[in-house]
Amino acid sequence: MLFKVFPRDQLEILYDILAGHHLVGPQIIGTDRNGQELFAFDYIHSFTELRIDFTSTVHSLKSFVLPPRENLSSFALANNDWEKNVDLGIYKPHVFFGLHPCDINALNKLDKVLTGPVYPDPFYTGKRKNMFIIGVNCIPQPWCFCKSMGTDTVLSGFDMFLTDLGDKYFVEIQSATAYDILMELPITEPTDEDHRRFVQLMDERNSKFTCQVDNSDLTKILDLEFQSPVWQEWGKRCMSCGTCANVCPTCYCYGVTEHVDLDLKSATKQKQLYSCNLIDFAMVSGGHNFRPDSASRLKYRYYHKHRGFQEAYEEALCVGCGRCGQACLAGITVPEVIDSVRRQEVPK
Amino acid sequence: MNKLDFVDVLPARQISTRKSDLSSFEYSYRAEITNVYGLTNTEKLYQIRIVDSDQRHQFTFKPGQFVMLELPGIGEGPFSISSSPTRHGDLELCIRAVGNLTNFLSRVPRGTLVGISGPFGTSFPVEDMENSDLILIAGGLGIVPLRAPLFSILENRSRYKQIDIIYGARNPSELLFTYQYQMWRQFDINLEIIVDQADEKWQGPVGLITEILKHRLEAAGNNLSSNTYAIVCGPPVMFHFVCDMLINAQLPMQKIFVSLERRMHCGRGKCCRCNIGATYTCLSGPVFDYWSVLNMKEAI
Ligand SMILES: Cc1cc2nc3c(=O)[nH]c(=O)nc-3n(C[C@H](O)[C@H](O)[C@H](O)COP(=O)(O)OP(=O)(O)OC[C@H]3O[C@@H](n4cnc5c(N)ncnc54)[C@H](O)[C@@H]3O)c2cc1C
Ligand code: SF4
Ligand code: SF4
Ligand code: FES
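Residues numbered from 1 in each chain as written. Chains lettered and ligands numbered in written order. Predicted model: local features only at pLDDT ≥ 70, side-chain atom pairs only at ≥ 80, totals over all residues. Heavy atoms only, no water.

1. With respect to the overall build of chain B
Tallying secondary structure elements over chain B gives nine helices and 14 strands in all. The C-alpha atoms of chain B give a radius of gyration of 21 Å, which matches the 19 Å a tight globule of 300 residues would have. Expressed along its principal axes, the backbone C-alpha trace of chain B runs to roughly 80 × 40 × 35 Å. Burial status across chain B gives 54% buried among its 300 residues. A separation of at least 24 residues holds for 69% of the contacts in chain B among residues at least 6 apart in sequence. By element, 47% of the accessible surface of chain B is carried by carbon and sulfur atoms, the whole surface being about 12900 Å². When the 29 basic and 30 acidic side-chain charges of chain B are each reduced to a single mean position, those positions are 4 Å apart. (Helix = DSSP H or I, 4+ residues; strand = E, 2+ residues; numbered from the N terminus. Rg over C-alpha atoms; globule rule 2.2 N^0.38 Å. Buried < 20%, exposed > 50% of the residue type's maximum accessible area, 1.4 Å probe, protein only. Contact = heavy atoms within 4.5 Å. Areas by Shrake-Rupley, 256 points an atom, 1.4 Å probe, with all protein chains shown as cover. Lys, Arg positive; Asp, Glu negative; His and termini not counted. Charge placed at Lys NZ, Arg CZ, Asp CG, Glu CD.)

Here's what the structure looks like:
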């Protein structure tokens, strides 16, 4: 990897160079009950809107790669005949300016399923191919357990990655396009002092992670405790609303529905993101439901993320961003659930 | 300004935009319903022919695989191919009307064009089963996925030893493919049928499928030769009982094959609806050996 530094006031120039493209970044969308700023990823129209010093966004940037609803195909209908049209819905190149390591890691995880190995999803892959990603380092929030998930740092999946050294930005460069763009800025080699400052900053950041999950032997424990009464207790609390999957950057499950338009001359086939917490997720014909109660569905979500995906890809399908716990109206958080399964007790 | 000059379309290396390559995802074959036969009150047999003759001849599948059938604007669902693999893109599907798509399908006329994608999933290893005794056990609609391997086996009858088919249905009016029983028997196949409830005309045995299996196993001294394979298809409750009996009769669990049902919206390992832990039923199934099934939580 190549490392460079550039003066802090050059960030706006970097923005300007890229601003001719569709540019998505974190911006303020309001404040919460306690007056804290709330952030979200959206299209940015001026440098002042861009807040790369954001804490974390309520939603992930999933909607830009996996839209909540997407047309898979449309049909022109005529009597018993039809023509099928497929629009892969690929965007023009997009710049994502300011993704935290967890969100970049989330995309890397989605890639494992959606870009391969069999039947790569052309809708997702097309959008993914057209992303230019500028990562930024974050300040750990009290609900982040990415350190336990090994996703607090990111090694691939970005074009450049910025760390604020105070008066300059330390930049890791991972693509030729990024290098080309940076050549337009007054970039220099990092000095020994910059190296020291970088390492010191990382140490400080590391010490700020407070939330943890004990993952050791988790795949086995989830198997062993499959019948644990703990799941029933969490199931009683869970409202099966699916909000957790909605805000999760790595949940990708979907359902497909078809509609005939009112004129009876055309029809569409649509995919919408779903959640395994919703009641009919595993229902088959004849009404048999493989996961009929909220406890078995909640358990399945953990089972898929922390055991199934682990077995298939040697990593968990969770980046520890904590969004699901923050958004859950029943206050169900990943660290608490996993901890309770290990210790066989549910916190009150 | 144009610093970023990425692909507007997909790069050839990753996924080609050529229609033929995309056929594995959103493109499907156009197929015509050439015939519809009512088998019972709820099941119909659909003969479906891929329209393009090249595509039709190139379409190959293995017994036990399924296709996604789409009625544009109405819905799409997975259905086991119930015809012989040697018939390529001339398919038979036997479909029970249970919901939106399947009820609509039960009312469409001959000549209707549908979309077919696939074939998807794993298959019964009929070639490995050569030179062995076979026990095929089907409950209810389970006879549908069993018919493709059965056709393969009948076409090479001399390569297999003793063949037993044990088939159970709720009542005589729900028995499927009655017109073919005579033909199967002509292939030196021991076909035994049992129903839960008899009607006035029923002369055969009444009870659960396990009773027939019990007789078959007793005849073998409750010790199936290791040179035996079993295929089991039916509702989830059936698997436990039937497979346990086979295992008790010393049949190794890797020689018992089952076909599992799950909800499927893509057939391609993407929508996750069919997922059981680490396993996508659409990719690693629907056909599994019984060891794999025991190894999965919530499989049956
Ligand atoms: C591998 C496999 C093979 C099958 N083979 C056959 C067969 O040979 N004959 C047969 O009659 N049935 C078969 N089924 C079941 C069949 O797929 C469902 O009965 C059918 O999809 C129900 O669609 P529907 O719209 O009529 O039902 P609805 O209950 O109205 O369902 C609405 C939607 O849910 C989905 N859905 C419902 N049930 C299922 C299901 N079990 N699997 C996937 N999606 C579902 C469909 O997308 C459907 O559009 C098979 C299922 C699987 C998994
Ligand atoms: S865990 Fe929370 S957010 Fe998720 S479905 Fe249950 S109640 Fe909703
Ligand atoms: S499961 Fe929760 S903590 Fe893990 S990636 Fe999804 S939203 Fe973040
Ligand atoms: S049917 Fe979509 S993942 Fe198996």
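2. Digging into the site of ligand 3
Residues and elements named next belong to chain A. Contacts to ligand 3 come from 13 residues, most closely from Cys248, Cys318, Cys321, Gly322 and Cys324. Counting residues per element, the ones that place at least two in the shell around ligand 3 are helix 11 (294-313) and helix 12 (323-327). A breakdown of the residues in the shell around ligand 3 according to their chemical character gives seven nonpolar, three polar and three charged. (Near = heavy atom within 4 Å. Nonpolar A, V, L, I, M, F, W, Y, C, P; charged D, E, K, R; others polar.)

3. Overview of the domain arrangement of chain A
Residue and element names in this part refer to chain A. Along its sequence, chain A is carved into domain 1 (2-69 + 88-206) and domain 2 (218-251 + 276-343). For domain 1 versus domain 2, the separation of C-alpha centres amounts to 28 Å. With 20 residues of domain 1 at the contact, the number on the domain 2 side is 22 residues. In total, about 1900 Å² of surface goes out of reach between domain 1 and domain 2, with carbon and sulfur atoms giving 60% of it. On inspection of domain 1 and its partner domain 2, the count reaches three salt bridges. (Domains from an automatic or database assignment. Buried area = accessible area lost by both parts, 1.4 Å probe. Salt bridge = Lys/Arg side-chain N within 4 Å of Asp/Glu carboxyl O.)

4. Details of helix 7 (residues 192-207) of chain A
Residue and element names in this part refer to chain A. With 16 residues, helix 7 extends 23 Å from end C-alpha to end C-alpha; this agrees with the ideal 22 Å at 1.5 Å per step. For helix 7, the set of buried residues is Asp194, Phe198, Leu201, Met202 and Arg205. Across the axial projection of helix 7, the buried residues extend over an arc of 100°, all falling on one side. Those residues of helix 7 that are exposed and angled more than 90 degrees off the buried face are Asp192, Arg196 and Ser207. Looking at the buried side of helix 7, the elements it contacts are strand 1 (2-7), helix 3 (101-114), strand 8 (160-164) and strand 9 (168-173). (Expected span 1.5 Å × (residues − 1). Arc of directions from axis to C-beta.)

5. Some thoughts on the sheet that holds strand 7 (residues 131-136) of chain A
Residues and elements named next belong to chain A. An order of 1-9-8-7-6-2-3 is seen for the seven strands of this open sheet, with the pairing classed as mixed. The open sheet has two free edges, formed respectively by strand 1 and strand 3 (37-43), since each of these has just one partner strand. Averaged over all pairs of adjacent strands, the angle between their axes in this sheet comes to 25°, without regard to strand direction. Across five bridges, the pairing between strand 8 and strand 9 is antiparallel. Looking across to strand 9, one finds that Thr163 is bridged to Phe170. (Pairing = 2+ DSSP bridges. Axes fitted to C-alpha atoms, helices over the stretch in contact; angles between N-to-C directions.)

6. Regarding the packing of helix 9 (residues 229-237) of chain A against helix 13 (residues 334-343) of chain A
Residues and elements named next belong to chain A. At a minimum axis distance of 9 Å, the contact between helix 9 and helix 13 shows a crossing angle of 150°. Accordingly, the angle class assigned to the pair helix 9 and helix 13 is roughly antiparallel. In this structure, the crossing between helix 9 and helix 13 has a hand that is right-handed. Contacts between helix 9 and helix 13 involve Val230, Trp231 and Trp234 on the former and, on the latter, Glu336, Val337, Ser340 and Val341. Partitioned by chemical class, the residues of the contact of helix 9 with helix 13 number five nonpolar, one polar and one charged. (Parallel < 35°, antiparallel > 145°, perpendicular 65-115°, else oblique. Left-handed = near helix turned anticlockwise from the far one by under 90°.)

7. What to know about the domain arrangement of chain B
Quoted interface sizes are often the accessible area lost when the parts come together. Residue and element names in this part refer to chain B. As assigned here, chain B comprises domain 1 (28-120) and domain 2 (126-259). Taking only C-alpha atoms, the centre of domain 1 and the centre of domain 2 are 25 Å apart. Tallying the contact residues gives 17 residues for domain 1 and 16 residues for domain 2. Of the roughly 1300 Å² buried at the junction of domain 1 and domain 2 (both faces included), carbon and sulfur atoms supply 61%. For the pair domain 1 and domain 2, the interface holds five residue pairs in polar contact (both at pLDDT 80 or more). (Polar contact = N/O pair within 3.5 Å; in protein donor to acceptor, adjacent residues only side chain to side chain.)

8. A word on the site of ligand 1
Lining the immediate environment of ligand 1, one finds 23 residues, of which Pro78, Arg96, Thr102, Glu261 and Arg263 of chain B sit closest. More than one chain reaches ligand 1: its neighbouring residues belong to chains A and B. Ser285 of chain A places a polar side-chain atom, nitrogen or oxygen, 3.2 Å from an oxygen atom of ligand 1. Contact with the protein chains removes 86% of the 820 Å² of surface that ligand 1 exposes when unbound. Of all elements in the fold, only strand 4 (75-80), strand 5 (90-96) and helix 3 (100-105) of chain B reach the threshold of two or more residues within the shell around ligand 1. Here the shell around ligand 1 takes five residues from strand 4 of chain B, the largest share from any one element. Taken together, the residues that form the shell around ligand 1 break down as eleven nonpolar, seven polar and five charged.

9. Quick look at the interface of chain A and chain B
Contact with chain A, which involves 66 residues of that partner, is made by 56 residues of chain B. Both sides of the chain A and chain B interface together cover about 5400 Å² of buried area, and 60% of this is carbon and sulfur. At the junction of chain A and chain B, the tally comes to five salt bridges. The closest approach of N and O atoms between Glu70 of chain B and Lys84 of chain A, which form a salt bridge, is 3.4 Å.

10. What about the environment of Ala330 of chain A?
Residues and elements named next belong to chain A. Position of Ala330 among the secondary structure elements: in the loop between helix 12 and helix 13. Remark: the alpha-carbon pair of Ala330 and Glu258, spanning 72 residues in sequence, is separated by 33 Å. Ignoring anything within four residues of it in the chain, the contact list for Ala330 reads Arg237 and Met239.

11. So, the nonpolar core
If you look at the biggest cluster of nonpolar residues, it comprises 61 residues, and the most contacted ones within it are Phe6, Leu14, Phe97 and Met160 of chain A. With near-sequence residues (within four places) excluded, Phe97 of chain A lies in contact with Leu11, Leu14, Tyr15, Leu18, Leu23, Val24, Gly25, Pro26, Leu50, Ile52 and Ile134 of chain A. Grouped together as the second largest cluster of nonpolar side chains are 33 residues, Leu150, Ile153, Leu154 and Ile163 of chain B included. (Core = buried A, V, L, I, M, F, W, Y, C linked by side-chain atoms within 4.5 Å.)

12. Quick notes on the state of the cysteines
By the definition in use, this model includes zero disulfides over all chains. Between Cys146 of chain A, a free cysteine, and Cys144 of chain A, which holds the nearest cysteine sulfur, the sulfur-to-sulfur gap is 5.4 Å. Given a relative accessible area of 6%, Cys146 of chain A falls into the buried group. The thiol of Cys272 of chain B is not disulfide-bonded; the next cysteine sulfur, from Cys253 of chain A, is found 3.7 Å away. (Disulfide = S-S within 2.5 Å.)

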